[in-house]
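# Architecture at a glance
The chain contents come next:
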Amino acid sequence: MKQITSAQNPYIKSLLLLQEKAKARKQTGTFLIEGKREISLAIKGGYLIDTLLFYPELISEKEINKLVQNGTTIIEINKDIFEKLAYRESTEGVIAVANSKSFGLNDLKLNENPLILIAEAPEKPGNIGALLRTADAANLDAVIIANPNGDLYNPNIIRSSVGCLFTNQIATGTTTEIITFLKDRKISFYCATLQNSTSYHTQDYTTPTALVVGTEATGLSQEWREASTQNIIIPMQGEIDSMNVSVAAAILIFEAKRQRGF
């Protein structure tokens, strides 16, 4: 087993770059995962773990061995290195270097009657994480991010999704690409927007369906609104005309699940 005791070690410095820079994650095709649960979910989701780094004061070698795949390198690190690499305090003493996956639309494996969530240009990692948690809770067939603003392997997204980045089928693409993808597969899509909308609960989501949400600040782009099967709205009775995007998505998703008998 390897040991690294200096935070100035070139490999440790390269991992700090993975934590901080989307460019480094893209160039190397790797990213960091913290915590036993998150690493276990990544493995279950088909991710390959290149390296496991562990701090023996917080996790045993026996527990580490449960996370090892063929070809995984195990490295023991000290407290100083662990605290530099750990993005949050309660990381259970283990950090993985994992290989990234493609998020191509054509990589999605959909059944004959899918239910999909689409989010256009979500801005906040916390909102993306919450959307992924909701999608996992509803066991959706896929989550598609249109015009992503950043890197989905951002540590904040992994953390806020509590590992649901790895439990959902995920794809990214431009709005135009995704609309073409949906139309080619005869998937109806319902856009949550204020313009030309009807109440969300009046629509039928029992056939192949995508539910589309936009940002809280600007909503969905015109391209989505004009191409949609139907624009939908969640009626509100207070003073404001919008709610958190993950809350809105949850309302729509679970109405669709209710109609489908789940």
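Up top is the structure.
Residues numbered from 1 in each chain as written. Predicted model: local features only at pLDDT ≥ 70, side-chain atom pairs only at ≥ 80, totals over all residues. Heavy atoms only, no water.

## Observations regarding the overall build of the chain
Counting its regular elements, the chain contains ten helices and twelve strands. The C-alpha atoms of the chain give 20 Å as radius of gyration, which agrees with the globular expectation for 262 residues (18 Å, within 12%). Taken along the three principal axes of its C-alpha coordinates, the chain extends 60 × 40 × 30 Å. Looking at the chain as a whole, 48% of its 262 residues qualify as buried. Taking the contacts inside the chain whose residues are at least 6 apart along the sequence as the reference set, 78% of them involve residues at least 24 apart. Entry remark: accessible area of the chain is about 13,000 Å², with carbon and sulfur atoms responsible for 47%. Charged side chains in the chain number 26 positive and 28 negative. The centres of these two groups are separated by 3 Å. (Helix = DSSP H or I, 4+ residues; strand = E, 2+ residues; numbered from the N terminus. Rg over C-alpha atoms; globule rule 2.2 N^0.38 Å. Buried < 20%, exposed > 50% of the residue type's maximum accessible area, 1.4 Å probe, protein only. Contact = heavy atoms within 4.5 Å. Areas by Shrake-Rupley, 256 points an atom, 1.4 Å probe, with all protein chains shown as cover. Lys, Arg positive; Asp, Glu negative; His and termini not counted. Charge placed at Lys NZ, Arg CZ, Asp CG, Glu CD.)

## Thoughts on the pairing of strand β7 (residues 142–146)
Burial analysis of β7 places five of its five residues in the buried class, the great majority of the element. By the alternation rule, side chains of β7 split into Ala142, Ile144 and Ala146 and Val143 and Ile145, which are all buried. Of the pairings in the sheet, the one linking strand β6 (residues 115–120) to β7 comprises five bridges and is parallel in character. Pairing of Ile116 across the sheet is with Ala142, part of β7. Following the chain from β6 across helix α6 (residues 125–137) to the adjacent parallel β7, one finds a crossover that is right-handed. (Pairing = 2+ DSSP bridges. Right-handed = clockwise from strand over helix to strand, strands pointing away.)

## Overview of the pairing of strand β8 (residues 170–173)
Pairing between β7 and β8: four bridges, direction parallel. What sits directly across from Ile145, in β8, is Thr172.

## Re the environment of Val213
Locating Val213 in the fold gives a position in strand β11 (residues 209–213). Through-space distance from the C-alpha of Val213 to that of Ala192 is 5.4 Å; in sequence the pair is 21 residues apart. Not counting chain neighbours up to four residues away, the residues in contact with Val213 comprise Leu117, Ile118, Ala119, Glu120, Ala192, Leu220, Val245, Ala249 and Leu252.

## Here we look at α6
Helical geometry: 3.6 residues make up each α-helical turn, so side chains three or four residues apart lie on a common side. For α6, built from 13 residues, the straight-helix expectation of 18 Å at 1.5 Å per residue is met to within 8% by its first-to-last C-alpha distance of 18 Å. Asn127, Ile128, Gly129, Leu131, Leu132, Thr134 and Ala135 are the residues of α6 that are buried. Packed against the buried residues of α6 are β6, β7, α7 (155–160), β8 and α10 (245–259). With its phi angle positive at about 55 degrees, Asn139 sits one or two positions after the end of α6. (Expected span 1.5 Å × (residues − 1).)

## Quick look at the packing of α6 against α10
Interaxial distance between α6 and α10 falls to 9 Å at its minimum, and their mutual angle equals 15 degrees. Our classification of the angle between α6 and α10 gives roughly parallel. Crossing of α6 against α10: the hand is right-handed. On the side of α6, the interface is formed by Asn127, Ala130, Leu131, Thr134 and Ala137, while α10 contributes Val245, Ser246, Ala249, Ala250, Ile253 and Phe254. Its residues placed into classes, the contact of α6 with α10 shows eight nonpolar, three polar and no charged. (Axes fitted to C-alpha atoms, helices over the stretch in contact; angles between N-to-C directions. Parallel < 35°, antiparallel > 145°, perpendicular 65-115°, else oblique. Left-handed = near helix turned anticlockwise from the far one by under 90°. Nonpolar A, V, L, I, M, F, W, Y, C, P; charged D, E, K, R; others polar.)

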